[in-house]
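Reading the structure
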2 protein chains.
Amino acid sequence: MLSQTAEYALRAVLYLAARGETGAVGVEAMAGELGIPPSYLSKTCQVLVRHGVLESVRGRSGGFRLALAPERLRLACVVDPFEDETERRHCLLGRATCSDQHACAAHASWKATSEQIARYFRTTTVADLQGRGR
Amino acid sequence: MLSQTAEYALRAVLYLAARGETGAVGVEAMAGELGIPPSYLSKTCQVLVRHGVLESVRGRSGGFRLALAPERLRLACVVDPFEDETERRHCLLGRATCSDQHACAAHASWKATSEQIARYFRTTTVADLQGRGR
DNA sequence: CTAAAATCGGACCTGTAAATCCGATTTAAA
DNA sequence: TTTAAATCGGATTTACAGGTCCGATTTTAG
């Protein structure tokens, strides 16, 4: 469903949200806790910083922290930087242009499901997932 | 949403369904029509034969045709052989075990959408998509 | 019977996502 | 002021899905 990288990003953000306002968390610690290759997580977090999802604190006792309150952070903001913009996964058969006007064979029947997926990522916030599961 | 290979499979099956009972269609013709690399489509079709979705006719004027009536062919049958069995895409965060009992943070909120996706592929048939779009 | 046209299927190549490595830079504690 | 600990960021390597190639086999048209 999500690329490996997008999944890492989501897990990292969820982890930081759980920490609340406890200052920045180092990549090494986070990676160890989440079971993600540290140097890869480092890059992934850097991308999230560029997209305004995280803030980085450099130097000693630095690390990463959320840039926004969890209530304002939608899952789409976390995941989108790692999904190909062009293929908004709207067409099941991989058409470049697939709309109500120029529909592929699957368009009509797939539409409802496709829209529910998009709505999930657009409306669900990080706060909505906090405190659930473990 | 679907892997490239699964998408090829679905398009090929839809193409054969549109042909109706006009005998087997050669890979070369099908690939040209669909814009799929011929030798790759060949392998993809071979997998579908092994899974009972297609039948192959060897020798001169051979090719592939549907093994079942379109009404009996569910999209899941076409697509599943090309998706990893283990990660049934049920867990957004990539957990090995994620269920109502052992839930990840996203489980509860993701469940409805996840089930709608599964239901779509399980219940929609090739016949449902026939004659739609182009 | 022969030859052409097709699938079969294994070995090989390739492009890209995933992961690693390492030096430069920044900062705070000692 | 020095040093340790952290991010930054580009170059490189690895793993695997995607794609190619080709010889063997099968079958039918002529």
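The structure under discussion appears in the preceding block.
Residues numbered from 1 in each chain as written. Chains lettered and ligands numbered in written order. Predicted model: local features only at pLDDT ≥ 70, side-chain atom pairs only at ≥ 80, totals over all residues.

**Description of the protein's contact with DNA strand C**
- In the vicinity of DNA strand C there are 25 residues, among which Gln-4, Pro-37 and Gly-59 of chain A together with Val-27 and Ser-56 of chain B approach most closely.
- Elements with a contribution of two residues or more to the surface near DNA strand C: helix 1 (4-19) and helix 3 (38-50) of chain A together with helix 2 (27-34), helix 3 (38-50) and strand 2 (63-66) of chain B.
- Sorting elements by how many residues they give to the surface near DNA strand C places helix 3 of chain B first, with four residues.
- Among the residues making up the surface near DNA strand C, the classes are represented as six nonpolar, 13 polar and six charged. (Near = placed C-beta within 6 Å. Helix = DSSP H or I, 4+ residues; strand = E, 2+ residues; numbered from the N terminus. Nonpolar A, V, L, I, M, F, W, Y, C, P; charged D, E, K, R; others polar.)

**Here's the deal with the protein's contact with DNA strand D**
- In the vicinity of DNA strand D, 25 residues are found, and the nearest of them are Val-27 and Ser-56 of chain A together with Gln-4, Pro-37 and Gly-59 of chain B.
- Put simply, the parts of the chain that give the surface near DNA strand D at least two residues each are helix 2 (27-34), helix 3 and strand 2 (63-66) of chain A together with helix 1 (4-19) and helix 3 of chain B.
- The greatest single-element share of the surface near DNA strand D, amounting to four residues, is contributed by helix 3 of chain A.

**Observations regarding the relation of the copies chain A and chain B**
- Placing chain A over chain B gives an RMSD of 0.1 Å and needs a rotation angle of 180°, together with 0.0 Å of translation along the axis. Between the two chains, the operation in question is that of a two-fold axis. Considering only C-alpha atoms, the residue of chain A closest to the rotation axis is Met-1 of chain A, which sits at 3.2 Å.
- The fraction of interface residues of chain A whose copies in chain B are also interface residues reaches 100%, indicating that both copies meet through the same surface. (Least-squares fit on C-alpha atoms with pLDDT ≥ 70 in both. Contact = placed C-beta atoms within 7 Å.)

**Overview of the packing of helix 1 of chain B against helix 3 of chain B**
Residue and element names in this part refer to chain B.
- Relative orientation of the contacting elements helix 1 and helix 3 amounts to 75°, with a least axis distance of 10 Å. Considering their axes alone, helix 1 and helix 3 lie roughly perpendicular with respect to each other. Between helix 1, through Thr-5, Tyr-8, Ala-9 and Ala-12, and helix 3, the contact on the second element is made entirely by Leu-41, Thr-44, Cys-45 and Leu-48.
- Within the contact of helix 1 with helix 3, the residues separate by chemical class into six nonpolar, two polar and no charged. (Axes fitted to C-alpha atoms, helices over the stretch in contact; angles between N-to-C directions. Parallel < 35°, antiparallel > 145°, perpendicular 65-115°, else oblique.)

**Overview of the pairing of strand 2 of chain B**
Residues and elements named next belong to chain B.
- For strand 1 (residues 54-57) and strand 2, the ladder comprises four bridges, and the chain directions are antiparallel. Looking at strand 2, one finds that Leu-54 is bridged to Leu-66.
- Once strand 1 ends, the chain turns through five residues before running back antiparallel as strand 2, passing Gly-59 with a positive phi of about 75°. (Pairing = 2+ DSSP bridges.)

**Focus on helix 3 of chain B**
Residue and element names in this part refer to chain B.
- Compared with an ideal rise of 1.5 Å per residue, which puts 13 residues at 18 Å, helix 3 spans 19 Å between its outermost C-alpha atoms and is within 8% of the ideal.
- Every buried residue of helix 3 is listed here: Leu-41, Thr-44, Cys-45 and Leu-48. The buried residues of helix 3 occupy an angular sector of 100° when the element is viewed end-on, so they sit on one face. Turned more than 90 degrees off the buried face of helix 3, the exposed positions are Ser-39 and Arg-50.
- Gly-52, located one to two residues past helix 3, shows a positive phi value of around 75°. (Expected span 1.5 Å × (residues − 1). Buried ≥ 20, exposed ≤ 12 C-beta atoms within 10 Å, placed from the backbone. Arc of directions from axis to C-beta.)

**A few points about the interface of chain A and chain B**
- Residue-level contacts link 27 residues of chain A with 27 residues of chain B.
- Listed by contribution, the elements that provide at least two residues to the side of chain A that touches chain B are helix 1, helix 5 (107-123) and helix 6 (126-129) of chain A.
- Per element, the largest residue contribution to the side of chain A that touches chain B is eight residues, and it comes from helix 5 of chain A.
- Partitioned by chemical class, the residues of the side of chain A that touches chain B number 15 nonpolar, seven polar and five charged.

Remember that the coordinates give geometry; whether it matters functionally is a separate question.
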